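Letter by letter, the chains look like this.
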Amino acid sequence: MVVQHLLAEKGLYRGAIDGILGDNTLAALHQIEGMDPRMPNTRKIATMIQLGAKEKGIDGGPVDGLWGTQTQFGFEELAFIFQHGRRRTTWRPEEIVPANRWPKQNTPEFLEFYGNRGENLVTIPAPFVLKIAWDLRLKATKITCHRKVAESLTKVLEDVRDTYGENDINSLRLNYFGGAFNNRPMRGGTLWSTHAWGVALDFDPDRNALRWGRDRAAFAHPVYDEWWRCWEDEGWVSLGRRRNFDWMHVQAAEV
Ligand SMILES: [Zn+2]
């Protein structure tokens, strides 16, 4: 069925999605570039799965027509997409390990990694339009952040966009942007905030006030679990999730 879905998506197959490898399905398969009609059918199917996965940014292994564990993974991801219209979000244990280990804030390692406050800044395009939380008439399409977090931040926000979609991003106020780079000391403290290095962002501050705990903060609600999963997959730290305050804040630094 996954193969038929993939072929239908390409406009090559208009028959029933019934999982039966009939003449129409085979004929459609043979129209795929590089598909050798003389290959065994099992190999054609594996090739199609690998191609389909690749085109959707899923790692289904090399496109070689050989079904291994990576192809199985690609197949399961594709099956989920066709069933639910989005990427599978339950992760396997080995995927819990974050891609990045950010340095701990207020340590020499942090300074060594990020350098001086207010330096090494770059501007990245936001994958979805942000509303400026303190003046909703204003929009932002770019974010200023530290060069070393730019790639990771882009990945996180693309993941948020793909996971929630535009409507949910709006209704859940994931686009209410409270700022990123800001060369200022920590609120109520003498230490410098991680915002001063451009490695922290705030979202929806009105509904996630600094001193609110999970009983009041919007972002503590389970509907935001996937939001935090997007950040935590990249090793970003939510002060709300870790310390139960400042739920608006997320940073590329351990606490
Ligand atoms: Zn903050």
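Keep in mind it's a predicted model, so treat the numbers as computed, not measured.

(A) Broad picture of the sheet that holds strand 3 (residues 176-179). With mixed pairing, six strands are arranged side by side in an open sheet as 2-1-3-4-6-5. Edge positions in the open sheet fall to strand 2 (139-146) and strand 5 (237-238), since each of these has one partner strand only. The sheet contact formed by strand 5 and strand 6 (residues 249-251) spans two bridges and is antiparallel. Residue pairing for strand 6: Ser238 is matched across the bridge by Val250. Sheet contacts for helix 6 (residues 147-171): strand 1 (121-132), strand 2 and strand 4 (200-203); angle to strand 1, the most-contacted strand, approximately 10°.

(B) Expanded view of helix 4 (residues 69-84). With 16 residues, helix 4 should reach 22 Å at 1.5 Å per residue; the first-to-last C-alpha distance of 22 Å fits that figure. Within the span of helix 4, buried status applies to Thr71, Phe73, Gly74, Glu77, Leu78, Phe80 and Ile81. Residues of helix 4 that are buried sit in contact with helix 1 (2-9) and helix 3 (41-55). At the C-terminal side of helix 4, Gly85 shows a positive phi close to 75°.

(C) Representation of the pairing of strand 4 in the model. Of the two faces of strand 4, the one carrying Ala200 and Asp202 and the one carrying Leu201 and Phe203 are both buried. Taken together, the two bridges between strand 3 and strand 4 define a ladder with antiparallel strand orientation. Paired with Gly179 across the strands is Asp202, a residue of strand 4. One ladder, built from three bridges, connects strand 4 with strand 6; its direction is antiparallel. By the bridge assignment, Asp202 is partnered in strand 6 with His249.

(D) Geometry of unusual backbone geometry. The backbone phi angle of Asn120 is positive, close to 60°, even though this residue is not glycine. Of note, Asn120 is situated in the loop between helix 5 (108-114) and strand 1. On the basis of relative accessible area, Asn120 is assigned to the partly exposed category, the value being 33%. A positive phi angle is found at Arg173, which is not glycine, with a value near 60°. Following the sequence through the fold, Arg173 ends up in the loop between helix 6 and strand 3.

(E) Seen up close, the packing of helix 3 against helix 4. Their axes nearest at 9 Å, the elements helix 3 and helix 4 cross at an angle of 65°. Classified by the angle between their axes, helix 3 and helix 4 sit roughly perpendicular to one another. As for the relative orientation of helix 3 and helix 4, their crossing is left-handed in sense. Residues Ala46, Ile49, Gln50, Gly52 and Ala53 of helix 3 touch helix 4, and the partners they reach there are Thr71, Gly74, Phe75 and Leu78. Considering only residue class, the contact of helix 3 with helix 4 consists of five nonpolar, four polar and no charged.

Procedures and definitions
- Residues numbered from 1 in each chain as written.
- Predicted model: local features only at pLDDT ≥ 70, side-chain atom pairs only at ≥ 80, totals over all residues.
- Heavy atoms only, no water.
- Pairing = 2+ DSSP bridges.
- Helix = DSSP H or I, 4+ residues; strand = E, 2+ residues; numbered from the N terminus.
- Contact = heavy atoms within 4.5 Å.
- Axes fitted to C-alpha atoms, helices over the stretch in contact; angles between N-to-C directions.
- Expected span 1.5 Å × (residues − 1).
- Buried < 20%, exposed > 50% of the residue type's maximum accessible area, 1.4 Å probe, protein only.
- Parallel < 35°, antiparallel > 145°, perpendicular 65-115°, else oblique.
- Left-handed = near helix turned anticlockwise from the far one by under 90°.
- Nonpolar A, V, L, I, M, F, W, Y, C, P; charged D, E, K, R; others polar.

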